[in-house]
Amino acid sequence: NKTGSRKSTVSIYAPRLPRGKYTSQPVEPIVSETYTIRRMELAYATAALYVRTLWWALIGIPISGILILILFRLPIMEYLGAVMILWPITIPGRAAIITSDQRKLYIRPTIASFKEEAFYLNPEGGTPTRIPLTWIRRVLRRGEMYVLVGDRSKVVLIKASAFSADAQGKIEGELREEGKL
C-alpha cells in the first residue's frame, strides 16, 4: 500500500537501570565519623598523587639535567642542568604551597556519607556538597584517603579511615561495580 503515508512510531526514553540495585526499601546512607584533614595530610596526599601521576617526568627531567651537565659547559646550561636535577626535591614544598588555599575546605570538621551513587560532604558551618559518581572519573585509595578524581583532573579528598571497615568495604564494592575504583 503506497499511499504516501508513513507509519508513525513513538519512542519513549527510558533510562537503563542497573540490575539488582533498586528495591522497594529506601537505601540507608553509609555515614562516616566526623573528621578533618590536617594541612600536612593534605600536602602529603597531593604530593603522592603528583608523584604517581607524573612519575615519568620525575625520572626524565633529572636524567636530562645530568645529560646537560655532561654535554654542555656554558654556565647557563650548567645552571639549567642543576635545576633539573634538583626539581623533584621541591615537590613536597610545592604541594604545601599549592594546598594552602584548599586547606580552608578541609580544616572544618566534616561528615561524609555515601548513598545512591553519590558522596555527600557536610562540613560544620559550611555548605553541604553532593559529588555524584557521574562526575567522578576514578577513585584512588591512598593510605587513609579516598582521592576522587573528577572532570579536568579536579580532586576531592575524603578521609576513608573515618568510615568503619565494613562501610569501607561496601563503598569500595559499589565503586568497583561502577568501574570507578
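Residues numbered from 1 in each chain as written. Predicted model: local features only at pLDDT ≥ 70, side-chain atom pairs only at ≥ 80, totals over all residues. Heavy atoms only, no water.

Caption draft 1: Highlighting the environment of V27. Tracing the chain through its elements places V27 in the segment before β1 (30-31). For the pair formed by V27 and K115, sequence separation is 88 residues and the distance between their alpha carbons is 7.1 Å. The contacts of V27, once residues within four sequence positions are left out, are K115 and E116. (Helix = DSSP H or I, 4+ residues; strand = E, 2+ residues; numbered from the N terminus. Contact = heavy atoms within 4.5 Å.)

Caption draft 2: Broad picture of the packing of aromatic side chains. As enumerated under the stated definition, the model contains 3 aromatic pairs in all. Aromatic pair F119 and Y146: ring centres 6.5 Å apart, planes at 45°, arrangement tilted. One end of the pair, F119, is in strand β3 (residues 118-123); the other, Y146, is in strand β6 (residues 145-150), and 27 residues separate them in sequence. Like Y146, F119 is buried. Three or more aromatic residues joined by ring pairs form one cluster here, namely F114, F119 and Y146. (Phe/Tyr/Trp six-rings, centres within 6.5 Å; stacked < 30°, edge-to-face > 60°. Buried < 20%, exposed > 50% of the residue type's maximum accessible area, 1.4 Å probe, protein only.)

Caption draft 3: Expanded view of the packing of helix α2 (residues 55-71) against helix α3 (residues 75-86). Where α2 contacts α3, the two axes come as close as 7 Å, and the packing angle between them is 155°. Taken together, the axes of α2 and α3 lie roughly antiparallel to each other. For the element pair α2 and α3, the recorded crossing hand is left-handed. In contact with I61, P62, S64, G65, I66, I68 and L69 of α2, α3 contributes M77, E78, L80, G81, A82, M84 and I85. (Axes fitted to C-alpha atoms, helices over the stretch in contact; angles between N-to-C directions. Parallel < 35°, antiparallel > 145°, perpendicular 65-115°, else oblique. Left-handed = near helix turned anticlockwise from the far one by under 90°.)

Caption draft 4: Molecular detail of α2. With 17 residues, α2 extends 25 Å from end C-alpha to end C-alpha; this agrees with the ideal 24 Å at 1.5 Å per step. Within the span of α2, buried status applies to A57, L58, P62, G65 and I68. All buried residues of α2 fall inside an arc of 115° around its axis, so they share one side. Of the residues in α2, the exposed ones pointing more than 90 degrees away from the buried face are W55, W56, I70 and L71. Of the surrounding elements, those touching the buried residues of α2 are α1 (39-53), α3 and α4 (91-98). (Expected span 1.5 Å × (residues − 1). Arc of directions from axis to C-beta.)

Caption draft 5: A look at the sheet that holds strand β7 (residues 155-159). If you walk across this open sheet you meet the 3 strands as β5-β6-β7, and the pairing is antiparallel. A single partner strand is all that each edge strand has here, and the edge strands are β5 (136-142) and β7. Strand after strand, the sheet turns through a mean of 20° between neighbouring axes, direction not considered. Bridge analysis of β6 against β7 gives 5 bridges, and the strand direction is antiparallel. What sits directly across from Y146, in β7, is I158. Contacts from α1 reach β5, β6 and β7, with the element oriented near 125° to β7. (Pairing = 2+ DSSP bridges.)

Caption draft 6: The arrangement of the pairing of β6 in detail. Most of β6 is tucked away, with 6 of its 6 residues classed as buried. Going residue by residue along β6, you find M145, V147 and V149 tucked away on one face and Y146, L148 and G150 tucked away on the opposite face as well. Where β5 meets β6, 6 bridges bridge the pair, whose relative direction is antiparallel. Of the residues in β6, the one forming a bridge with R138 is V149. In this structure, the hairpin formed by β5 and β6 is closed by a connection of 2 residues, where G143 is found at a positive phi of approximately 60°. The antiparallel hairpin formed by β6 and β7 contains 4 residues in its connecting segment, where R152 sits at a positive phi of about 50°.

What is shown is where atoms sit, not what they do.
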